[in-house]
Amino acid sequence: MRAFDRVKFFQVVEKTIVWAIIALSCVILIIPLLVQRDVLFLYVFGKVIVLRSLIEIVVALWLFLCITKKIYRPNFRNPLIAAFTILNLIFAITTLTAYDPNRAFWSYQERMMGFLTLFHLYLWFLVLSSVLRTWKEWSVLFYTTLGTLVAVGLYGIGQKFHLPFLYMEADSLRMASTLGNSLYLGAYALIHIFISLFLFFQSKNNLARLFCFFVSIFSIYLLLASASRGVTLAAIICALGLGSMATLIVSNDRVRMLIRTIVISGIGAAFLVTILLYSPAGKKVAEVYLPIFAQKLIYKSLNDPMRISLWEIGLKGLRDRPLTGWGLSNFDYINSRYIYDVNRVRVTNPWNDQSHNQIVDMFAMTGLFGGFAYLCVWALVFVLLWKKIRSHSVRNVQLSLLALFFAFAAYFLQNLTVFESPGPVIVLYLLMAVTVYFVRDKSGVLIETREEAFERRSEREGIRQSSKQPFPTAGFILLPALIAVSGTAIFFLNYSHFQLSKKGITAIRILESGDIVRSTNLFKEVFASNSFVKSEFREQLTGAMPTVLRNPRFTAEQKRQLATLSLEESKKNLAEHPRNFRFFLRLMQAYRDFQVFDPSSNDRVAETAQKALILYPNRFELYKDLAESAATSRKFPEAIDYAKKAVEFDPIKVRSLWYLAIIYAQADEVEKSVNAAWDALMDDCNVYVYTPYFAALAESFPATLDNRALEFFTTMAVAYGRKDPTFMYAGRKVLIRANQLQTQSSTASNTPTVK
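Cut-offs and rules
Residues numbered from 1 in each chain as written. Predicted model: local features only at pLDDT ≥ 70, side-chain atom pairs only at ≥ 80, totals over all residues. Heavy atoms only, no water. Helix = DSSP H or I, 4+ residues; strand = E, 2+ residues; numbered from the N terminus. Buried < 20%, exposed > 50% of the residue type's maximum accessible area, 1.4 Å probe, protein only. Contact = heavy atoms within 4.5 Å. Phe/Tyr/Trp six-rings, centres within 6.5 Å; stacked < 30°, edge-to-face > 60°. Lys NZ or Arg CZ within 6 Å of the ring centre and 35° of its normal. Salt bridge = Lys/Arg side-chain N within 4 Å of Asp/Glu carboxyl O. Polar contact = N/O pair within 3.5 Å; in protein donor to acceptor, adjacent residues only side chain to side chain.

Caption draft 1: Representation of the overall build of the protein. What the protein contains, in helices and strands, is 31 helices and zero strands. Sorting the 755 residues of the protein into buried and exposed places 56% on the buried side. The long-range fraction of contacts in the protein, counting pairs at least 24 apart against all pairs at least 6 apart in sequence, stands at 73%.

Written out as structure tokens, the structure reads:
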């Protein structure tokens, strides 16, 4: 009987764990394909939950290797690892000092880019940079991400053909695929253009090179289909830079001349096409033959005033909290405070939670320390790669590193117009880790075997432990504890929140289907939990209450129970996040909805609005709520004053002007009401956007209507009633009411007086 070979057994265990880490990392790179339909934000939340769970398993396996062998422990003397570690320490500090620490730690379901997720990605970066030692191991991951890109693209093409088994995207003009947003897809495709070129130069197999070439072309198509202007501009700049720098590396004169010809021809063709497309004749041709997304990509200006205003908002936030910032995922607080202070643009979306510039986001949310640390990481990457390119002797490796250099450059440039999302950021951390692999050794020769990797690191760092030394027994003793800790983390940090999100979306769907009793019970279960997801479901419930209250299928008691739940949970939301402007508005809405059961709730609306004004004195929405509360209490002079304040602070004045007209009508000031309505039309003649305001104005007019008011409603009904029947119905209702009043007046005047 052969004796048990302990050394060989340990070597098998080591190799198995290493390849298990590689396999799980491949699954992580496939995550962009995941679309979890039964949660609130199907394109983001499920992806990050799976990502964090897999990383927790990977980290448990890695800790086992670290305990048993020093060679797997991270080298914090490596400049890139050290810089990344410092950046994440700053993230931790700014999370503790954040404006809303809970939001900074967990983030929210729509973004999921809080400290917890970023720390998981940092740990994955440490694992990859410490465990993967040969190019064979790295190539498995890179070919996996290329395959994932192809699958994501095919999914998007399938959406264009309306395949019934695929989840359809809302924007039919711009491709978004499984990432849910065309900006995310553009960034994901952009980085894979250069990854495919990186592998093309790195590979020695012709079939692999052909695959990489196909993926690069396919990535360009996906980039154009996403119609993301900033991302496309970054791709063009970096492609020209890569072509120009490649001519300095290539030794073959013919190849160098070919590259130069392609670059110069590309610049010339782009210049000529730009002139043609921007000429009057070219625009007419483009309107006929170019797809809509291509027209948007070409003709829509990069000088977006709303986006520039968001950058200014972020910088205003930095001036308020310069050292540690507002905290990760806290940009919505900055936006709520300054959205109407900057340039007073016509804001179409007042709820921006990102500045659409990752650099501005970093400075605003993590302060000067975090912003400069973030820039230092990027600068270090570029410096280390450039030094490696210059010192390497193999041309193909130089070209591959140059492609890697411009992959980072493209990602950095596109970050000036977008923000990070789970799909692209996973690939970014993979690139950061492989950069450590390429720059850690000064010999200039890529490592082919793990034994060679062990020997080089042992010589470089003075690690005495040999790669053949058996694992200490302590590693096996601690393995069950590592598994238990990993499982606990998966449950409490991920799975429990995932299940609650599924339960919350089920409650919403059941409520829409008409089962209010079961929906109420499910909402209570969600709200009884200690999870960050419940704040968004509280908002969802409050937003659904007006529809519930109008539904005749529900009894008064059922409505009252759900309205009470909505009100109580809205109070808790504001108590947990006491400076969140959206939660102030939701609580006021909950109080308004509860007026059906308790008229005194109207006073609570005014009290809540007054508290919100202390934090946000320039938000016109608060003055509108105060005006409505005062009008409900029949305090019309006060309501008119608040409505005028709303007009003063509203950058899109037409909304508040319509509302002022309604308040005037309720106060029986007909002439002023009509004047305010005409002012609204003068401010924005696109009246179809404001149809509900017109209908509400028609309902609000008093019993006495003068000729000018009748003329106004008649004109509106004739001018806009054919396209939108609401104007016809509202105008007709007013005219019928006027005729009835005139008939009653005539009858009263002909009635003899009784003495």
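Caption draft 2: Structural context of the side chain of His-497. Note on placement: His-497 falls in helix α19 (residues 473–513). Not counting residues within four places of it along the chain, the set of residues in contact with His-497 comprises Phe-45, Trp-106, Phe-492, Asn-530, Ser-531, Phe-532 and Val-533.

Caption draft 3: Molecular detail of the environment of Lys-672. Relative to the helices and strands, Lys-672 is located in helix α28 (residues 670–683). Note on Lys-672: relative accessible area 45%, which makes it partly exposed.

Caption draft 4: Spatial organisation of the packing of aromatic side chains. Within this structure, the stated rule accounts for 39 aromatic pairs. Relative to Phe-372, the ring of Phe-363 lies with its centre 5.1 Å away and its plane at 90 degrees, an arrangement referred to as edge-to-face. One aromatic cluster in this structure is built from Tyr-374, Trp-378, Phe-382, Trp-386, Phe-405, Phe-406, Phe-408, Tyr-411 and Phe-412. It is Arg-321 that lies over the ring of Trp-326; its NZ or CZ is 5.7 Å from the centre. For the cation-ring pair, Lys-624 lies above Tyr-659, with the distance from its terminal atom to the ring centre recorded as 5.2 Å.

Caption draft 5: Focus on the pattern of salt bridges. As enumerated under the stated definition, the model contains 17 salt bridges in all. A salt bridge links Lys-69 to Glu-14; the nearest nitrogen and oxygen atoms lie 3.2 Å apart. A residue pair is termed long-range when its members are at least 10 positions apart, and Lys-69 in the loop between α2 (45–68) and α3 (79–96) and Glu-14 in helix α1 (residues 6–30) qualify at 55 residues. You can call Lys-69 buried: its relative accessible area is 1%. Ionic pairing is found between Arg-655 and Asp-650, a salt bridge with its closest N-O pair at 2.5 Å. Accessibility assignment for this pair places Arg-655 and Asp-650 in one class, buried. The network of salt bridges with common partners includes Arg-538, Glu-569, Lys-572 and Glu-576.

Caption draft 6: Spotlight on the side chain of Arg-133. Inspection of the secondary structure assignment puts Arg-133 in the loop between α5 (115–131) and α6 (135–160). Within the structure, the side chain of Arg-133 is placed 3.0 Å from the backbone oxygen of Ile-71, a separation counted as a polar contact. A polar contact of 2.7 Å, which involves the side chain of Arg-133, links it to the backbone oxygen of Ser-130.

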